[in-house]
Amino acid sequence: MTAPAMHLNPDHACLIVHGSDKPGIVAAVSAMITRIGGNIVAFDQYSDDPTGGAYFQRVVFHRPGFAADRPQIEDELARTLAGFDLEWSLTDQSVPKRMAILASKQDHCLLDLLWRHRRGDLPVTVPMVISNHTTSAEDVRSFGVPFFHVPSVPGPDKSASEAKIVELLKGNVDFVVLARYMQILSGDFLAQVGVPVINIHHSFLPAFIGAEPYKKAKERGVKLIGATSHYVTDDLDEGPIIEQDTVRVTHADSSAELARRGADVERQVLSRAVLWHAQDRVIRHGNHTIVF
């Protein structure tokens, strides 16, 4: 299979900075990038209070030979930011993030991500898809992506199946996407995986929980349907939100039409959240996000 033409930038780095706001951060970062021979190509910042509030910055810069000189550049960064109350991270924009996908029977989000990846629209690699059903196995393999079946264990204790999934993921991925994976993940699972996990769900939650949410929405006469993508935490569906969107519906739309249009919104919202995460555009701050 021909490798996808991903939007990756050789010799480009992304610097994420966040912490307490104070004068001089922009000047210090800009001067440091100039000292190391870099050229800033994108710069975003946000402060929620200029007098000691929370500060966030995303800088993309070009620096020839970045990969080879990265250790020295990181040392220079550490020295530059030592006088500020800040956390920072530096990523190589020429290296795609490794994205694993967990799925169940509903395949609209799963196949959409694989299609976008094949087109080169997502700067990621997909080392594996894991599902608790086999219905999408052949479709996944047609994209040249390994498929693993890990059946759900009956009953409330999911530790056995979670352990098998952790064994597949551990050390092999940079983040995980739940593409309508219809299982609740435990806090132990999240801790053991140790990478960000992104989820997608319809925005009816918590009003229309359980089975047939679009049927329930139709019965209530909703006028808007939508979707939310967020990071997964120990609190079910309460993690920091990355992206949301809605579409207007009417009384004339059947529950099947609501479900179809809802699936469209879910695909769009999830793909945007995945793209922004892969591009290091999302900074988590408490239980919310800053998206540049």
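Our structure is the block above this text.
Below or above, wherever it landed, is the structure these notes cover. Just so it is clear, the model here is predicted, and its values are computed rather than measured. (Residues numbered from 1 in each chain as written. Predicted model: local features only at pLDDT ≥ 70, side-chain atom pairs only at ≥ 80, totals over all residues. Heavy atoms only, no water.)

**Some remarks on the side chain of His202**
Here His202 is to be found in strand S10 (residues 197-202). Beyond its immediate sequence surroundings of up to four residues, His202 is in contact with Arg180, Phe208, Pro213, Tyr214, Gly226, Ala227 and Glu266. (Helix = DSSP H or I, 4+ residues; strand = E, 2+ residues; numbered from the N terminus. Contact = heavy atoms within 4.5 Å.)

**Describing the packing of helix H1 (residues 25-35) against helix H2 (residues 66-81)**
With their axes 10 Å apart at the nearest point, H1 and H2 run at an angle of 150 degrees to one another. Classified by the angle between their axes, H1 and H2 sit roughly antiparallel to one another. Remark: the crossing between H1 and H2 carries right-handed chirality. Counted together, Ala28, Val29, Met32 and Arg35 of H1 and Glu76, Leu77, Thr80 and Leu81 of H2 form the full contact between these two elements. Per-class residue counts for the contact of H1 with H2 are five nonpolar, one polar and two charged. (Axes fitted to C-alpha atoms, helices over the stretch in contact; angles between N-to-C directions. Parallel < 35°, antiparallel > 145°, perpendicular 65-115°, else oblique. Left-handed = near helix turned anticlockwise from the far one by under 90°. Nonpolar A, V, L, I, M, F, W, Y, C, P; charged D, E, K, R; others polar.)

**Structural notes on empty space enclosed by the protein**
Evaluated as defined, the whole model comprises two cavities of 30 Å³ or more. Estimates place the volume of the largest cavity at around 60 Å³. Considering the residues around the largest cavity, the lining is formed by Val150, Pro151, Ser152, Val153, Lys158, Ser161, Glu162, Ile165, Tyr181, Gln183, Ile184 and Leu185. A breakdown of the residues in the lining of the largest cavity according to their chemical character gives seven nonpolar, three polar and two charged. In this structure, the second largest cavity encloses a volume near 40 Å³. Looking at side-chain class alone, the lining of the second largest cavity contains four nonpolar, three polar and two charged residues. (1 Å grid on protein atoms, 1.4 Å probe; cavity = no way out; pocket = protein on both sides within 12 Å on 5 of 7 lines; lining within 4 Å. Points joined across faces, edges and corners; volume = space filled by probe spheres on them.)

**Considerations on the nonpolar core**
Ile101, Leu114, Val129 and Leu270 are the most contacted members of the largest nonpolar core, which has 40 residues in total. Sort the elements by how many residues they give to this core and helix H8 (residues 255-278) lands first, with seven residues. Excluding residues within four positions of it along the chain, Val129 makes contact with Ile101, Leu110, Leu114, Val140, Val145, Pro146, Phe147 and Phe148. Judged by nonpolar contacts, the second largest core, of 19 residues, contains Ile33, Phe61, Ile73 and Leu77. (Core = buried A, V, L, I, M, F, W, Y, C linked by side-chain atoms within 4.5 Å. Buried < 20%, exposed > 50% of the residue type's maximum accessible area, 1.4 Å probe, protein only.)

**A few points about the packing of helix H7 (residues 213-220) against H8**
Two elements in contact, H7 and H8, have axes separated by 9 Å at closest approach and are oriented at 120 degrees. Judged by the inter-axis angle, H7 sits oblique to H8. As H7 packs across H8, the resulting crossing turns out to be right-handed. Contacts between H7 and H8 pair Tyr214, Lys215 and Lys218 from the former with Ser255, Leu258, Ala259, Gly262, Ala263 and Glu266 from the latter. Classifying every residue of the contact of H7 with H8 gives four nonpolar, two polar and three charged.

**Topic: the pairing of strand S13 (residues 282-285)**
Each regular strand shows side chains that alternate between the opposite faces of the sheet. In terms of strand pairing, S13 meets strand S14 (residues 288-291) through four bridges, oriented antiparallel. Each bridged residue has a counterpart across the sheet, and for Arg284 the counterpart in S14 is Thr289. Taking the residues that link successive antiparallel strands as the turn, the S13-S14 hairpin has two residues, and the phi of Gly286 there is positive, at about 65 degrees. (Pairing = 2+ DSSP bridges.)

**Notes on the pairing of S10**
Within S10, six of the six residues are buried, leaving the element largely enclosed by the surrounding structure. In this sheet, S10 lies alongside strand S9 (residues 175-179) in parallel orientation, the contact comprising three bridges. Counterpart to Val176 in the pairing with S10 is Val197. Remark: the S9/helix H6 (residues 187-193)/S10 crossover connection has right-handed handedness. Sheet analysis places S10 next to strand S11 (residues 224-231), joined by five bridges and oriented antiparallel. Across the sheet, residue Ile198 finds its bridge partner in S11, namely Tyr231. (Right-handed = clockwise from strand over helix to strand, strands pointing away.)

**Things to note about a negative patch on the surface**
On the surface, Asp188, Asp234, Asp235 and Glu238 cluster together into a negatively charged patch. In this fold, Asp188 is placed in helix H6. (Patch = residues over 30% accessible without salt bridge, like charges linked within 9 Å, V, L, I, M, F, W, Y side chains within 5 Å. Areas by Shrake-Rupley, 256 points an atom, 1.4 Å probe, with all protein chains shown as cover. Salt bridge = Lys/Arg side-chain N within 4 Å of Asp/Glu carboxyl O. Lys, Arg positive; Asp, Glu negative; His and termini not counted. Charge placed at Lys NZ, Arg CZ, Asp CG, Glu CD.)

**Quick look at unusual backbone geometry**
Positive phi outside glycine occurs at Arg180, with the angle close to 60 degrees. If you trace the backbone, Arg180 turns up in the loop between S9 and H6. Of note, Asp280 is a non-glycine position whose phi angle comes to about 60 degrees, a positive value. Assignment of secondary structure puts Asp280 in the loop between H8 and S13.

**Comments concerning the pattern of salt bridges**
Evaluation of the coordinates by the stated rule reveals 17 salt bridges. One salt bridge in this structure joins Arg141 and Glu138, with 3.4 Å as the shortest N-O distance. Of this pair, Arg141 and Glu138 both sit in helix H4 (residues 137-142), three residues apart, roughly one helical turn. Among the ionic pairs, Asp264 bridges to Arg260, the shortest N-O distance being 3.4 Å. Linking Asp264 with Arg260, this pair stays in helix H8, spanning four residues, or about one helical turn.

No statement about biological role is implied by the geometric values presented.
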